[in-house]
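Structural characterization, general
Now for the letters of each chain:
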Amino acid sequence: MSDEHWYEDETGSMVRPYTVTRGRTRPSGAHAIDLMSRVTALDADAPGRDVDHARAALLDLIRRGPRPVVELAADADLPLTVLRVLLGDLAEAGLIRIDAPRRHAAGGPTADPSLLREIVERLREI
């Protein structure tokens, strides 16, 4: 018998994404969740009310500071569809706020230089 064990880091997620979202593929409610939408925790100290492990872990990431959805997806290592459903659930529970991306006068999204630098750094790591 081997002392070797499989851990999530080695094998990938032990739970299928559709299980985490209870089979849903879209966020419930009227939350428009764009890749560049900014997500902010509403009460950094309040514990998550009736929040399961996946949502609590995501909420912990959000409580570190406001972040765009795309960054949360990378840090949480979740598919974007799953992340959008979880964010919608947290928003409906009143735990987070999802703000639409800021736009320039010309209508394009605002380019945050620090975010762009971080994206380039992460792409280089791949």
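Everything below is about the structure shown above.
Reading the values: rules and limits
Residues numbered from 1 in each chain as written. Predicted model: local features only at pLDDT ≥ 70, side-chain atom pairs only at ≥ 80, totals over all residues. Heavy atoms only, no water. Helix = DSSP H or I, 4+ residues; strand = E, 2+ residues; numbered from the N terminus. Buried < 20%, exposed > 50% of the residue type's maximum accessible area, 1.4 Å probe, protein only. Axes fitted to C-alpha atoms, helices over the stretch in contact; angles between N-to-C directions. Parallel < 35°, antiparallel > 145°, perpendicular 65-115°, else oblique. Contact = heavy atoms within 4.5 Å. Nonpolar A, V, L, I, M, F, W, Y, C, P; charged D, E, K, R; others polar. Salt bridge = Lys/Arg side-chain N within 4 Å of Asp/Glu carboxyl O. Pairing = 2+ DSSP bridges.

1. Description of unusual backbone geometry
One non-glycine residue, Asp-77, lies in positive phi territory at about 55°. Positionally, Asp-77 belongs in the loop between helix 4 (69-76) and helix 5 (80-92). For Asp-77, a relative accessible area of 68% puts it in the exposed group.

2. A word on the packing of helix 3 (residues 53-63) against helix 5
Closest axis-to-axis distance for the helix 3/helix 5 pair is 10 Å, and the angle between their directions is 80°. Considering the angle they form, helix 3 stands roughly perpendicular to helix 5. In this structure, helix 3 contributes Ala-54, Arg-55, Leu-58, Leu-59 and Ile-62 to the contact, and helix 5 contributes Leu-83, Leu-86, Leu-87, Asp-89 and Leu-90. For the contact of helix 3 with helix 5, a count of residues per class yields eight nonpolar, no polar and two charged.

3. Focus: the pattern of salt bridges
Side chains carrying opposite charge are able to pair once their charged atoms draw close together. A full pass over the atoms with the stated rule returns six salt bridges. We note a salt bridge from Arg-67 to Asp-75, for which the minimum N-O separation is 1.9 Å. You can call Arg-67 buried: its relative accessible area is 10%. Here Asp-75 and Arg-122 are joined by a salt bridge, their closest N and O atoms 2.8 Å apart. Note that Asp-75 is positioned in helix 4 and Arg-122 in helix 6 (residues 113-125), a separation of 47 residues in sequence. Here Asp-75 falls in the partly exposed class, since its relative accessible area comes to 27%. Given a relative accessible area of 32%, Arg-122 falls into the partly exposed group. One connected set of salt bridges, linked through shared partners, spans Arg-67, Glu-71, Asp-75, Glu-118 and Arg-122.

4. Focus: the sheet that holds strand 1 (residues 38-41)
What the three strands build is an open sheet, ordered 2-1-3; its pairing is antiparallel. Edge positions in the open sheet fall to strand 2 (67-68) and strand 3 (96-99), since each of these has one partner strand only. Where strand 1 lies against strand 3, four bridges are found, and the strand directions are antiparallel. Bridge pairing in strand 3 links Val-39 to Ile-98. Lying on the sheet, helix 5 is in contact with strand 1 and strand 3; it crosses strand 3 at an angle near 120°.

5. So, the pairing of strand 1
Direction of pairing for strand 1 relative to strand 2: antiparallel, over a ladder of two bridges. Following the sheet pairing, Arg-38 is matched in strand 2 by Pro-68.

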